[in-house]
Amino acid sequence: MATINSLGIGSNVLTADVIEKLRTNDESNLLTPIDKKLESTNLKLTSFKLLDSLMDTFQSSVSKLSMDSLFLARSVGGTTDAVAVTAEAGSDVQSFSLTNISMAQAEVEHSANIFSSKTTAITTTPGSGAIGSGTFTLAVDGQSFNIDYTSTTSLSALATSINDTAGDKVTASILKVGSDKYELVIKSNTVGANQAISFSDSLSTGGVPNSNSLMSALGMTNIQAARDATFKYNGISITRSTNEITDLLNGVTISLKKNQEVGDSANIAITQNKTEISTEMSLFVQNYNSLATNLSDMTAYDKEAGKVGVFNGENFIKSITREINDIITSVNQNGVSLMDYGISIDKEGVMSLNSSTFETKMSEDPLSLETFFSGDSQKEGIFDALYTKTKSYTGYQKQLDNFSNNLNSTLKKFTEDRAKMVERLDARYEIMSKRFIAYDAMISKLNTQFTTLQQQIDMATSN
């Protein structure tokens, strides 16, 4: 709009102040209603973001309670330091005892003869003559490994040759047992009776190693015999070649950790993971109350208190609580409802969970609880129905998404309407300013003419 600060000089009537007052009045009548609509729509969009987030959180709780995996999770109790037990989801709920645990062992052999150096040639007797040239054979787990040696072979070179040749089955190392005292240690890499290690030497006579053979020079002696694990499962004797038993009970791993003393017993109980289910139920109640409370505030109408929710009058938003509650309070064909599991909703719409009732029902018949919650091949569970309902609200082009799109479209329309109205007012008062200027000039001219006429009249009257 053109600057009209000088307007009114001629007339002292058609001033800029008059135009500003007229424009303020027009803005109040034409722009203020649009501004209120913009404010209301922006408030609805802000509230919608909160509603959308609360619905997502609630849906997440419903989803977890509708999934079989929650009810298939297992807890293990009674584990002692002698054994650790883990149970996969869906494994049988059961109790058992483990007694007389004797862990499986690896074979350990060492050289009875001790050497003063690990890098010099091995002698037939420490400090004696050189060994001959031959082949040292190591047998373990049905396999034989040949290690060639000569009179220059050292303890260190021998350990390296054994590891290079039989490293998948055994590990050879050099142990320093004192000052300038070394011995060779060979250990099987896995446990079990079939890991027993035997030795032979090509420098032998009638199966007996010659005095200049490597086998005689080492004097390999057993210090830990390979053996299988043994224990009693519910009084039944069990033998395994490993300390990690996975083939005794379906989905259950028994890890032997320590040999038991005579009379010791590990009593194991595999149960449904009730703690996780209870936690999810508590979260469900908490998330429901957050959603329901906000929905109530957003759709409230209290004439006496002058309280009107931002979505009062929005039938879709009002229907959400009702539709969800219809499912929560429903009774199935067997006459069972969530109320039987300790869920209740008071007159204010606040949900609560009686934990004692819930845990008692869960302990009495966990299968019935699972079926009622997540359903089976024959019928839908209550949380399946709730999840289906929440899915109808959330997601691309679903009800909440469409509602949001409508709000954004409304906001865009009001913004455009306001811009157009401002443009019209600018044009109107631009024209009005020009007219006022023209009228002011005319009035000024008339005033000048009247002044001249008045002077002539005054002079005539005086004469």
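Provided above is the structure to which this section pertains.
Quantities reported herein were computed from a predicted structural model and do not represent experimental measurements.

Peer 1: Looking at this structure, I do not really get the environment of Met 432. What am I missing?
Peer 2: Checked against the element boundaries, Met 432 lands in helix H11 (residues 399–462). Put simply, Met 432 and Ile 19 are 413 residues apart on the chain and 7.9 Å apart in space, counted from C-alpha to C-alpha.

Peer 1: Would you mind showing me how to read the nonpolar core here?
Peer 2: Side chains of a nonpolar character, in soluble globular proteins, are inclined to be buried together. If you look at the biggest cluster of nonpolar residues, it comprises 53 residues, and the most contacted ones within it are Phe 284, Ile 320, Ile 324, Phe 373 and Phe 383. Within the residue set of this core, elements represented by two or more residues are helix H2 (32–66), helix H3 (68–72), helix H6 (274–298), helix H7 (315–328), helix H8 (355–364), helix H9 (366–374), helix H10 (382–393) and H11. Setting aside residues no more than four positions away along its own chain, Ile 324 makes contact with Met 55, Phe 58, Tyr 288, Leu 291, Leu 386 and Tyr 393. Of all hydrophobic cores here, the second largest spans 26 residues; its members include Val 140, Ile 162, Ala 166 and Val 170.

Peer 1: Can you help me understand the sheet that holds strand E17 (residues 265–272) in this one?
Peer 2: Across a sheet, paired strands are connected by hydrogen bonds in the backbone, their directions being either parallel or antiparallel. In space, the five strands of this open sheet follow the order E1-E17-E3-E13-E14, with antiparallel pairing throughout. Of all the strands in the sheet, the pair left with one neighbour each is strand E1 (74–77) and strand E14 (236–240). Along the sheet, successive strands turn relative to each other by an average axial angle of 30°, direction set aside. Two strands pair when backbone bridges link them, and strand E3 (residues 94–102) and E17 are joined in this way by six bridges, in the antiparallel orientation.

Peer 1: Before we go on, may I ask you to explain the environment of Lys 307 in this structure?
Peer 2: Tracing the backbone through its elements, the reader meets Lys 307 in strand E19 (residues 307–308). On the basis of relative accessible area, Lys 307 is assigned to the partly exposed category, the value being 41%. The spatial distance from the C-alpha of Lys 307 to the C-alpha of Asp 297 is 9.1 Å, given a sequence separation of ten residues. With near-sequence residues (within four places) excluded, Lys 307 lies in contact with Asp 297, Ala 300, Tyr 301 and Asp 302.

Peer 1: Any chance you could explain H7 here in plain terms?
Peer 2: In an α-helix, one full turn covers 3.6 residues, which means residues spaced three or four apart are oriented alike. Over its 14 residues, H7 runs 20 Å from end to end, which matches the ideal 20 Å to within 8%, given 1.5 Å per residue. Phe 316, Ile 317, Ser 319, Ile 320, Ile 324, Asn 325, Ile 327 and Ile 328 are the residues of H7 that are buried.

Peer 1: Help me understand the packing of H9 against H10, please; the structure alone is not making it clear to me.
Peer 2: If you want to describe how two helices pack, look at the angle between their axes and the distance between the axes. Interaxial distance between H9 and H10 falls to 3 Å at its minimum, and their mutual angle equals 20°. Put simply, H9 runs roughly parallel to H10. Taken together, the residues of H10 that come into contact with H9 (itself represented by Phe 372, Phe 373 and Ser 374) are Ile 382, Phe 383 and Asp 384. Of the residues contributing to the contact of H9 with H10, the split by class is four nonpolar, one polar and one charged.

Calculation criteria
Residues numbered from 1 in each chain as written. Predicted model: local features only at pLDDT ≥ 70, side-chain atom pairs only at ≥ 80, totals over all residues. Heavy atoms only, no water. Helix = DSSP H or I, 4+ residues; strand = E, 2+ residues; numbered from the N terminus. Core = buried A, V, L, I, M, F, W, Y, C linked by side-chain atoms within 4.5 Å. Buried < 20%, exposed > 50% of the residue type's maximum accessible area, 1.4 Å probe, protein only. Contact = heavy atoms within 4.5 Å. Pairing = 2+ DSSP bridges. Axes fitted to C-alpha atoms, helices over the stretch in contact; angles between N-to-C directions. Expected span 1.5 Å × (residues − 1). Parallel < 35°, antiparallel > 145°, perpendicular 65-115°, else oblique. Nonpolar A, V, L, I, M, F, W, Y, C, P; charged D, E, K, R; others polar.

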